[in-house]
Structure formats: C-alpha cells, structure tokens
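Next come the chains, spelled out residue by residue.
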Amino acid sequence: MIERMSGSPGERAQFGISPKDTYSLGVFDIDQLSDTPYQMSEQERMQLEFLQHAAR
C-alpha cells in the first residue's frame with residue numbers, strides 16, 4: 001500500500017490505490033450514534049493489558 005500525506009493545504013490526502021473516490025456506508029440508524037466515550041469490558045481490558053506486556 002502506498003501512503004501519501006497531502007502536499008499542501010486543501011489537497012486531498014491519499015492512502016493506497018483505490019478504483020473509487022468514495023464508498024457508500026449503506027443505510028444505518030443515526031439515532032444509534034452517541035458522544036458517550038467508549039467503555040471497555042473487563043475482558044477487553046485484560047486483552048489490552050496482555051498485548052501491552054507482550055509488546056515490551
């Protein structure tokens with residue numbers, strides 16, 4: 001994959017090569033969106049701690 005930051009303000013950044021300029025997200029209920037911060041479950045917290053220790 002080719003990564004390239006925009007060369008100047010106002011120029012679109014490009015990441016990789018894509019045959020399309022845009023991709024449709026499909027239909028979804030925007031009422032399900034929330035500004036509430038994500039809260040990890042205990043299992044996710046333990047997995048993250050394991051991965052952080054494994055990366056050291």
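Residues numbered from 1 in each chain as written. Predicted model: local features only at pLDDT ≥ 70, side-chain atom pairs only at ≥ 80, totals over all residues. Heavy atoms only, no water.

Caption draft 1: Molecular detail of the overall build of the protein chain. Helix and strand counts for the protein chain come out as one helix and two strands. For the protein chain, the succession of helices and strands along the chain, N to C, is β-β-α. Considering the protein chain as a whole, with its 56 residues, one finds that 0% of them fall into the buried category. Put simply, the protein chain shows about 6,000 Å² of open surface, and 56% of that area lies on carbon and sulfur atoms. (Helix = DSSP H or I, 4+ residues; strand = E, 2+ residues; numbered from the N terminus. Buried < 20%, exposed > 50% of the residue type's maximum accessible area, 1.4 Å probe, protein only. Areas by Shrake-Rupley, 256 points an atom, 1.4 Å probe, with all protein chains shown as cover.)

Caption draft 2: Quick peek at the pattern of salt bridges. Inspection of the entire model under this criterion finds one salt bridge. Glu42 serves as the salt-bridge partner of Arg45, at 3.4 Å between the closest nitrogen and oxygen. Residue Arg45 and its partner Glu42 are both found in helix α1 (residues 42–54); the two are separated by three residues, about one turn of the helix. A relative accessible area of 37% places Arg45 in the partly exposed class. (Salt bridge = Lys/Arg side-chain N within 4 Å of Asp/Glu carboxyl O.)

Caption draft 3: Focus on the confidence of the model for the protein chain. On average, the protein chain scores 82 in pLDDT, and the residues at 70 or more come to 82%. Per-element averaging of pLDDT across the protein chain places strand β1 (residues 3–4) at the bottom with 52 and α1 at the top with 96. (pLDDT = per-residue confidence, 0-100.)

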